Amino acid sequence: MIKLTKVTKEFPPRGRALSEVSFHLRKGEFAFLTGHSGSGKTTTLRLVHMADRPTSGEVRACGFSSELTSDREVWKLRRRVGYVFQEFRLLPGRTATENVAFALEVTGAPRRDILSRTHRLLAQVGLSSSSSMPVDELSGGERQRVAIARALVNDPLVVLADEPTGNLDDRATRGIMELFQELHARGTSLLVATHDLELVRRHPEFRVLELDEGRLVYDSGAVEEGAA
Amino acid sequence: MYALREAIAAIRRAPLLTILSAAMVALALFVVGVFGVVTYNLHQALTQIEERVEVVAYVRDDVLEDQVRELEGVLLELEEVRAVRFVSREDALLTARETLGEFEDLFSGLQVNPLPASLEVELQPGFRNPEAVARVAGLARRHPNVEDVAYGGDWVDRLHLLRQVGAIGTAILGMAFSLVAALIIATAVRIAIFARRDEIQVMRLVGATNGFIRRPFLLEGFLTGIAGGLLAAGLTYSAYLVVYRLVFPLDWIPMEWIAGGVIAGGAFGLLASAVAVRRYLREV
């Protein structure tokens, strides 16, 4: 579903953000992407989302190759990938419903479907009562949940999440993880970037990819494969 | 439908920004509008002067009425000629007495009318230039029943030169004003879009096609341009009324000019939006 082959990303003049990173996330697989701040987690997610292109190597996601997909075609990939941004990236001045519905509107979905799916997703993330509030008036945690609802409303094949629980308390974090686990159970692939090692430890059943200064230094999937 | 809904929603969300953009567009087009009124009135004044350009063919004294009719027919067949008017010797004397009142004593002492009969040849609007006037005058002069021809050659030359200088001047100034207006409109629209660049990026990140993102912005730019154009038309008309009532009477510009200005405002707004959105579409 996601395959990185010797991916290097440089941001001149700042330097190298990723160095020859390779991993393969299969269909329906759930992996945590861990590492300190600046280790390359967000860069990896952006490369998968094709918001950036690798300096060398290849990224493949949902059948799209970074070498073959033009900027004009990238929307096709993005409709299959839900992205929960660290900084939320919601549309200011619009309600929670409008923000979530927007991800469906761009696909040309029928209005009735848009409303029903939007309400269902907002209910799932526990925001039914705040659905008509402008996102600017919501707390950080609530905005985080709007961002998650928006990423999931399209029934994506892959979910990329950048510190999705970073602004949430324990209870809300558990709620989000339950939601991710439901998605995983339904066959959705998830790549969740987090520096919260406690969260990772609570879910030993999921694969862990650890980055350090742009290098993939640990892959529990590879360890298991090696052991097998 | 989505594009229209979004464009209207965007205007509602940030009415002040929209008003400021439309006001900038309006002020830019107002300058063009005032220039239009001045140009139109200069054009009208020159046209009125040009209408006086005519060729006068003086008929020989011994020519009979039938021969005058034949000469009139010959002149009317020329493509440059719009109308021919016969002025008899008596009419010529009467006109001279009316227009030259200070020489009344001289006229009343005349035993014989010294003025010749003539044919006043009015030219078609496109043929009031030195070449056409000279050709008609030459053809008339060569006719055996014509004694002499007058057409004020120097005056026609000067008028034609004035017309050409005016046309070139207004074209250059018009282009300069339009360019400045276009740049101001582009800036106004770009400022409005700059304020929403994050929105464009978010749209792209959730899988919107470039066309889908672009359409509401283009429509918004177009509507802002149209609103600015209409506002400019109102401002120009107000300025026209002030001058008309307090300074001197002027002609108001034709409706097609106003429609052209408003549509140009919309077109500039649309084009500026397209350029500005394109820039932000490249960023993610």
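Note that the structure is a prediction, hence the values are computed from the model and not measured.

A. Fine view of the pairing of strand β3 (residues 118-123) of chain B. Residues and elements named next belong to chain B. With respect to burial, β3 is a largely interior element, five of its six residues being buried. Examined bridge by bridge, strand β1 (residues 54-59) and β3 share five bridges and lie antiparallel to one another. For Tyr58, the partnering residue across the bridge sits in β3 and is Ser118. Here six bridges tie strand β2 (residues 81-87) to β3, and the two strands are oriented antiparallel to one another. Bridge pairing in β3 places Val81 opposite Leu123.

B. The arrangement of unusual backbone geometry in detail. Residues and elements named next belong to chain A. Pro12 connects to Pro13 through a cis peptide bond whose omega is 0°. Tracing the backbone through its elements, the reader meets Pro13 in the loop between β1 (2-11) and β2 (15-25). Even without being glycine, Cys62 reaches a positive phi, approximately 50°. Within the secondary structure, Cys62 sits in the loop between β4 (56-61) and β5 (64-65). The exposure class assigned to Cys62 is buried, which follows from its relative accessible area of 14%. The phi dihedral of Arg89 is positive, around 50°, even though this residue is not glycine. Topologically, Arg89 is positioned in the loop between β6 (81-84) and α3 (96-105).

C. Up close: the packing of aromatic side chains. The full count for this structure, using the stated rule, is eleven aromatic pairs over all chains. On the basis of an interplanar angle of 10° and a centroid distance of 3.8 Å, the ring pair of Phe30 of chain A and Phe206 of chain A is categorised as stacked. Of this pair, Phe30 of chain A sits in strand β3 (residues 30-34) while Phe206 of chain A sits in the loop between α7 (197-202) and β9 (207-212), and the two are 176 residues apart along the sequence. Since its relative accessible area comes to 2%, Phe30 of chain A is described here as buried. On the basis of an interplanar angle of 40° and a centroid distance of 5.7 Å, the ring pair of Tyr240 of chain B and Tyr244 of chain B is categorised as tilted. Of the two residues, Tyr240 of chain B and Tyr244 of chain B both sit in helix α9 (residues 210-246), four residues apart, roughly one turn of that helix. In this structure an aromatic cluster arises from ring pairing among Tyr237, Tyr240, Tyr244 and Trp252 of chain B. In this structure, Arg14 of chain A is placed above the aromatic ring of Phe11 of chain A, and the distance from its NZ or CZ to the ring centre is 5.1 Å.

Rules used throughout
Residues numbered from 1 in each chain as written. Chains lettered and ligands numbered in written order. Predicted model: local features only at pLDDT ≥ 70, side-chain atom pairs only at ≥ 80, totals over all residues. Heavy atoms only, no water. Buried < 20%, exposed > 50% of the residue type's maximum accessible area, 1.4 Å probe, protein only. Helix = DSSP H or I, 4+ residues; strand = E, 2+ residues; numbered from the N terminus. Pairing = 2+ DSSP bridges. Phe/Tyr/Trp six-rings, centres within 6.5 Å; stacked < 30°, edge-to-face > 60°. Lys NZ or Arg CZ within 6 Å of the ring centre and 35° of its normal.

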